[in-house]
Structure formats: C-alpha cells, structure tokens
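Architecture at a glance
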Amino acid sequence: MVTKKEIKQSFFIALWFIVLTFPIMVIKINTIKHTVLFRWGNILWVGIAGFGASLVWNYFLRMKEEKKKTGVKDDIPVVHRLLQNEKFRNPFLAAVGVFFLAYPFIFPMYHTSIMITALVYVMLGLGLNIVVGLAGLLDLGYVAFYAVGAYAYALLNLHYGLSFWVVLPISAMLGAICGTMLGYPVLKLKGDYLAIVTLGFGEIIRIILENWDSFSNGPRGIPNIPAPSFFGYQFEQHASVVYIYFIVIALVLLTIFFVNRLENSRIGRAWIALRDDEIACQAMGIDKVKTKLTAFALGATWAALGGVVFAAKTSYINPMSFTIWESITILCVVVIGGMGSAIGVIAGALVLILVPEYLRAMAEYRMLVFGALQVIVMVFKPEGLIKSVRKTYKFEKVKE
Amino acid sequence: MEPILNVKNLTMNFGGLKALDNVNIAVEKGQIAALIGPNGAGKTTFFNCITGIYEPSEGHVEITPPGKPTQRLNGLKTNIVAEKGLARTFQNIRLFEGMTVLENVMIGRHCRLKSGIISAMLRPSAQKDEEQKAVSDSYRILEKIGLDKYVNEMAVNLPYGAQRRLEIARALATDPFLLLLDEPAAGMNPQETKELDELIIWLRDNEDLSILLIEHDMKLVMSLSDNIHVVDYGRKIAEGTPREVKSNSDVIKAYLGDDSEDA
C-alpha cells in the first residue's frame, strides 16, 4: 500500500510546511505588551497535518492513475446518466422543479435573497461559459458587461423613468453591442494575451464608472433603484423578493433553454471548432471573425441581463460591486463547474456562491478556499465537477 | 478546357527567404495530381498559399469550378476559399478533439448551412429540417469513408488511420470540387495505405472530384497519380506522368544528390 518512498516524501513535505508556517503558526508578537510568544506545540500539529495531508493526496493521485490504467473510458457523469435515462429523467426534473418553486415559501426571506444571488451567478456562469467554455476565449473582464446591465437599468430609470421590463431587452442589446465592441479589437489575440486585454477592459469600465461623476454619480453610486413591478403594481418588500426570485428563475430557465439549443446548433459547433483548432476551423469554411464576435456578444447579453436583476434586487449599485474579483469568481464558477458543460456551470455556481454564504464565519478565507478548490479540481478532475458530454445521434443502418 | 486549378508564377517570400519561386501548377478536372519533393521544398507552403492561410507575394491562383467562370483566389480569406470548393486536410492531424466524429464532419457542412443565432435559439421548422439534413448528410459521408461505426465516438479516441480518414471525411463535407490532401498516408501501415489508395481512386471516380496530394510514399504516388509535379527549394523542377518523372535526371538529383559536384 503506502510505499517507503511516499512516507519519506511526506516526511519532507511536513518538514517544509513547518518551516513555511513557522512565522505565522509559531511566533506570535504582541505589539501592545511588546512580547514575543513562541508556541512550539504548534510545530507538532503542523507536522502531523502536513504529513497526513501529503499521504492522503498521494493516495488519491495513485487511485486516479490506477483508474486510468484499468481503462474506464466512458465515465459519463452521474447527472448526465440520470438525464439520459428516460425513466429517471422526468421525476428528476420534476423534483428539482418542485424544490425551486417551493423554495421561497419554505425558507425565510434571507435564504431566498441568497438564492437569487446564486441564480444570477448561474446566468452569468452560463453566459461566460459560451465565451470561455465553448469558444475558448479566456475573458477576465466579464464583469464589465454585468456592470453595463446594472447601470443601464439604474440610469435609464433615474433619467427616463423606464421600468424593469422595458430595460431588460434594452440592456440585453446594450450588452451585445458592448460585447462586440470588446470583441472587435481583440480578434487576433488568444490565450494569455486575450486574458490581459479583457482584464484591462473590465477595469476601464469600472474606472469610468468611478470617475465620470456627472454620468454615473461616481463612487457614491445610484440609490433607490425600484424593484420590478407586476403590471404596474408594486409589491411590498417581502413579496417583492419572492417576485424577483421567480423572475430570476424564469430568466435562468430561458438561459438554459437557449444556451442548450445554441450548444448543439451550427453556431455552437463553430464555437467549439474554433476553440479546438483555429486554422482547421477556418479551412472548413467557418468565418473566424463572425464566430468570435457572436460568442462575445451572446456571452455579454446574459451578463447584462444578470446586471439588471442585480440592480433591481439590491436597489443600490456602485462601482465597487464590479471589481475584478467578480470576474474571477464567475470564471471560477465556469472552470470548477466544468468548461463547456451547462449542468456543470449550474452546479458550480450553486456550490461556489451558496457555500460561502452559509459559511459566513469563514468569509475571510473565501479566496483561500477558492484557490485550494481550483488546485484540487484541476489535479483530480481537470474537466470540472460535471464534465461536458456531447450530444449523441442514433442512426438506422440503411440496407442496400 | 480550362484547368480547374491554375497557379501561375506563384512566389512566396518570408522575409529574405523565397519559400516558393515562380511555381506553375495546373490541375485538370478529374485528375489525381501529386506534388512531391524533398523535405522543406515548399509543398505545404504551396497548399497554404492557395487555401488563403498565407497571402502569396506574387503570382496568380485561379480556379474554374465546374460550370462556373474562372475566379482569382489571391488574398481571399481561408473560409471563403473553402466555400468556393477547395477543401484540404492537414499534414499533422488537426481534428476537433472536443467533438464527436459526426460533429467533426458536421463542421465541414457549416458553410453550406444557413441558420444563424436567432434561428438556432428559436428553432423554427426550416432550421430543424436543415439540421436534420446536415446530420444525415454527414452520416452518409461517414458511411462512404467507412467510419460509420465510430459515429458517436470522440474524435480524439479514434485509431490513427481512422483519424486520417476522418480528416478526409470532414473535407468532403464542404462539398469541394478539388480536394487537397497534405500527406494523407503519413504514419499509416501498409494495409491502411492500401485502403487509402482505394479510397482516393473511389473518390475521383464516384464523387466527381479532382485531387491534388502531397505525399512522400512514392509507391502510393506512382500508383495513384495521373500527373506529378516535383518541387525542390521552392522551384518546380519537373512535371509529367509517373514514368516520366521517375526517369527525370533533375528529380533523381534532387532526391539522391548530385555525384558530379561532390567529386
């Protein structure tokens, strides 16, 4: 089982961890009393934890290798198998549907509010999944389109009194236009270079919002954004949250519906071809420019829609909601969930947004946990929590 | 009759390097033509020039598709060239790894389909029919090439020889009149090469295709080709039937070296 070499390796790893964490785990400086406390006992705990973690890590790595050797090629994720099985498909979907329909009536408002946030991230994740997962364009400035949507609603409402329902399609269009505007200059870039430029673009939008005072009210933000109305009827606060919850559910369903169709269409296949091999894709008659721009535009559309919902839900927005960390969180949702896999992204969004909300006590360690999770997923499940599975077709043999 | 591909005085410069120097090559309809030459002679550069991956420095690339007027291809984008009916395969296999075999072929159908974003999302009946037709057309191509048993496999999981054939299937799906094959037999075993030989002849006879291929397997080239063009150091040094090329002294010199200079 555990080889001598592994024990030796784990021993050195534990030793290294002791050295590494010495300044924070052992030394404690009290700046008021001017004393330095050495907590030597911690060395033992760090050593044991490091040793144990290393052994476990090695064990799982070996399991993975062995699994690869035995050659189980068709490891289709459980969820996909459930959905493909006619018998389970409908009850499974019904159960999920009932859960989400009943959710705001079972749980208190606080939980509904958190669920709205998570569902907005599902939309954002599915949108970014088009750009990153399907078309393979690493976009680190995705939050800019989220901001476009949120500010579109806030400003159009402030100046022209336009309602949520009017702004929704307008912001979708604005998002698509902005996506194309970003896409055009970066057509020739890919990989790291594209990531850097889009990162810059995201920051530009935020800095504009922060500094163009007369336009966006600067860092003070825009307050009193009205919640959506129901044919002119404005709900009181509690009902309003439930109402927004159902709007988001509808939007998420719409997103899933469209994204699913796009994925298995002419245009969706072109995105994947572009991701897999740019030259071969062009040699097969696919217009690279058009394909890239549609990916950027469609991805941005859903971000803008998410932004409108976000503004309506929080009723106050300022540029601080649209920092680079948002982009990274959405990217984490896509990568950890499973690039190119809609179900994976949904699962990723729910896990990555809901878990930290309920572990408020550990909020400070959120980025640490994200980082650790990224490493673990990349090592053990490089295709994400639920990997994408391509559509299969059935054929009848034509007898000649 | 006009040749379906007529390349005149094609020159390609990379900085100071002349990768192609005044190359003239014409391919007649229904012909299997071969482009041979030692490594680094400029064969793949030639393919890249006519398919729009490179823009040639000088010269003309003209096509005359069956039943259509003569057109110039210089400076057109790669995807437009493919749309005009020139399909190619690649020397090092370039399949779409994240897709199934069928989807790879369906990518080839892309430029013959019309549906856009809106119709993909709303899926009207015209789009459904088109999609259904694309699926069955692609499947028929796989049947012809003999890959139908792999239809739902991921392309990357296919055996090597099958991957090479899938490249040809994908190229066929673009409805070409001229097929450009870049070393289709590279890395194949004798059995696979023999099957490829049969496939290429079958394609010419039954699919109304003309074929231009780059190949190093001389046995294959000599048995297949109607006409062989030989390039060396970017210049065309010979052209003719397999028999003529075999006995051409310049060709022998290019492949085996020149005794007189060394002496």
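Residues numbered from 1 in each chain as written. Chains lettered and ligands numbered in written order. Predicted model: local features only at pLDDT ≥ 70, side-chain atom pairs only at ≥ 80, totals over all residues. Heavy atoms only, no water.

**Overview of the interface of chain B and chain A**
At the junction of the two partners, chain B supplies 41 residues and chain A supplies 36 residues. For the pair chain B and chain A, the summed buried surface comes to about 3600 Å²; carbon and sulfur atoms form 62% of the total. At the surface where chain B touches chain A, the tally comes to 4 salt bridges. Residue Glu131(B) pairs with Arg269(A) through a salt bridge whose shortest N-O separation is 2.8 Å. Residue assignment for the side of chain B that touches chain A shows that the elements contributing at least two residues are helix H2 (78-84), helix H3 (101-109), helix H4 (117-122), helix H5 (125-145) and helix H6 (160-172) of chain B. In terms of residue count, H3(B) provides more of the side of chain B that touches chain A than any other element does, 5 residues in total. (Contact = heavy atoms within 4.5 Å. Buried area = accessible area lost by both parts, 1.4 Å probe. Salt bridge = Lys/Arg side-chain N within 4 Å of Asp/Glu carboxyl O. Helix = DSSP H or I, 4+ residues; strand = E, 2+ residues; numbered from the N terminus.)

**Some points on the nonpolar core**
Met115(A), Leu119(A), Trp271(A), Trp302(A) and Ile317(A) are the most contacted members of the largest nonpolar core, which totals 108 residues. Per element, the largest residue contribution to this core is 16 residues, and it comes from helix H5 (residues 109-134) of chain A. When sequence neighbours within four positions are dropped, the list of residues in contact with Trp302(A) reads Met123(A), Leu124(A), Gly127(A), Ile130(A), Tyr142(A), Thr255(A), Phe258(A), Val259(A), Leu262(A) and Met121(B). Among the nonpolar cores identified, the runner-up in size contains 40 residues, and Ile32(B), Ala185(B), Met188(B) and Leu196(B) belong to it. (Core = buried A, V, L, I, M, F, W, Y, C linked by side-chain atoms within 4.5 Å. Buried < 20%, exposed > 50% of the residue type's maximum accessible area, 1.4 Å probe, protein only.)

**Details of the domain arrangement of chain A**
Interfaces are often sized by the amount of accessible area the parts lose when they come together. Residue and element names in this part refer to chain A. By the assigned domains, chain A splits into domain 1 (4-70) and domain 2 (107-380). Tallying the contact residues gives 4 residues for domain 1 and 4 residues for domain 2. Together, the buried faces of domain 1 and domain 2 total about 380 Å²; carbon and sulfur atoms form 82% of this surface. In this structure, the connection of domain 1 to domain 2 is made through 0 salt bridges. At the junction of domain 1 and domain 2, the tally comes to 1 residue pair in polar contact (both at pLDDT 80 or more). The residue makeup of the side of domain 1 that touches domain 2, split by class, is 3 nonpolar, no polar and 1 charged. (Domains from an automatic or database assignment. Polar contact = N/O pair within 3.5 Å; in protein donor to acceptor, adjacent residues only side chain to side chain. Nonpolar A, V, L, I, M, F, W, Y, C, P; charged D, E, K, R; others polar.)

**Quick look at the domain arrangement of chain B**
Residue and element names in this part refer to chain B. Here chain B is described as being made up of domain 1 (1-85 + 176-263) and domain 2 (97-173). A C-alpha centroid distance of 27 Å is found between domain 1 and domain 2. Here domain 1 meets domain 2 over a buried area of about 1200 Å², counting both sides, of which 66% is carbon and sulfur. Our count for the domain 1 to domain 2 interface comes out at 2 salt bridges.

**Re H6(B)**
Its 13 residues give H6(B) an end-to-end C-alpha distance of 19 Å, which sits within 8% of 18 Å, the value for a rise of 1.5 Å per residue. Counting buried positions over the 13 residues of H6(B) gives 12, a clear majority of the element. Buried within H6(B) are the following residues: Gly161(B), Ala162(B), Gln163(B), Arg164(B), Arg165(B), Leu166(B), Glu167(B), Ile168(B), Ala169(B), Arg170(B), Ala171(B) and Leu172(B). Those residues of H6(B) hidden inside the fold are in contact with helix H12 (278-283) of chain A together with strand E6 (86-88), H3, H5, strand E7 (178-182) and helix H7 (190-207) of chain B. (Expected span 1.5 Å × (residues − 1).)

**Regarding the environment of Leu134(A)**
Residues and elements named next belong to chain A. Within the secondary structure layout, Leu-134 lies in helix H5. On the accessibility criterion, Leu-134 (3% relative accessible area) is buried. Spatially, the C-alpha atom of Leu-134 lies 6.8 Å from that of Arg-275, the residues being 141 residues apart in sequence. If sequence neighbours within four positions are ignored, Leu-134 has contacts with Asn-129, Glu-263, Trp-271, Ile-272, Arg-275 and Gly-340.

**Quick word on the packing of H5(A) against helix H11 (residues 266-276) of chain A**
Residues and elements named next belong to chain A. The interhelical angle for the contact between H5 and H11, taken along N-to-C directions, is 40°, at an axis separation of 9 Å. Comparing their axes, H11 and H5 come out oblique. Residues Ile-130, Gly-133 and Leu-134 of H5 lie in contact with H11, whose contacting residues are Trp-271, Ile-272 and Arg-275. Looking at the contact of H5 with H11 residue by residue, the class counts come to 4 nonpolar, 1 polar and 1 charged. (Axes fitted to C-alpha atoms, helices over the stretch in contact; angles between N-to-C directions. Parallel < 35°, antiparallel > 145°, perpendicular 65-115°, else oblique.)

**Digging into the packing of aromatic side chains**
On inspection of all chains with the given rule, the structure shows 23 aromatic pairs over all chains. Each ring, one from Tyr146(A) and one from Phe310(A), has its centre 5.3 Å from the other, and the planes form 45°; the classification is tilted. Of this pair, Tyr146(A) sits in helix H6 (residues 143-160) while Phe310(A) sits in helix H13 (residues 288-314), and the two are 164 residues apart along the sequence. Phe310(A) carries the same exposure label as Tyr146(A), and that label is buried. With a centroid separation of 5.3 Å and an interplanar angle of 85°, the aromatic rings of Tyr245(A) and Phe246(A) are classed as edge-to-face. Among the aromatic residues, ring-to-ring pairing joins Phe99(A), Phe100(A), Tyr103(A), Phe105(A), Phe107(A), Tyr245(A) and Phe246(A) into one connected group. The ring of Phe90(B) carries the charged tip of Arg94(B) above its face, separated from the ring centre by 5.5 Å. Looking at Arg170(B), its charged tip hangs above the ring of Phe96(B), at a distance of 4.7 Å from the centre. (Phe/Tyr/Trp six-rings, centres within 6.5 Å; stacked < 30°, edge-to-face > 60°. Lys NZ or Arg CZ within 6 Å of the ring centre and 35° of its normal.)

**Quick notes on the side chain of Glu278(A)**
Residues and elements named next belong to chain A. Topologically, Glu-278 is positioned in helix H12. Glu-278 sits in the buried class, given a relative accessible area of 17%. Looking at Glu-278, its side chain comes within polar contact range of the side chain of Lys-288, at 3.3 Å. Leaving out residues up to four positions away in the same chain, Glu-278 has contacts with Lys-190, Ala-273, Lys-288 and Lys-292.

**Comments concerning empty space enclosed by the protein**
Counted under the stated rule, the structure contains 1 cavity of 30 Å³ or more. What the largest cavity holds in volume is close to 30 Å³. Lining the largest cavity, in full, are Ala283(A), Thr51(B), Thr78(B), Val81(B), Ala82(B), Leu86(B), Ala87(B) and Arg88(B). Elements supplying a minimum of two residues to the lining of the largest cavity: H2 and E6 of chain B. Within the lining of the largest cavity, the residues separate by chemical class into 5 nonpolar, 2 polar and 1 charged. (1 Å grid on protein atoms, 1.4 Å probe; cavity = no way out; pocket = protein on both sides within 12 Å on 5 of 7 lines; lining within 4 Å. Points joined across faces, edges and corners; volume = space filled by probe spheres on them.)

**Brief notes about the pattern of salt bridges**
Note that side chains of opposite charge can pair when their charged atoms are close. Under the criterion given, the structure shown has 26 salt bridges over all chains. For Arg275(A), the salt bridge identified is with Asp276(A), shortest N-O distance 3.2 Å. Residues Arg94(B) and Asp277(A) are paired through a salt bridge, measuring 2.6 Å at the closest nitrogen-oxygen approach. Taken together, the residues Arg94(B) in the loop between E6 and H3 and Asp277(A) in the loop between H11 and H12 connect one chain to another. Assessed through its relative accessible area of 24%, Arg94(B) is described here as partly exposed. Taking relative accessible area as the criterion, Asp277(A) reaches 10% and is therefore assigned buried. Here the salt bridges share partners, and the residues they tie into one network are Arg109(B), Lys133(B), Asp137(B), Arg140(B) and Asp175(B).

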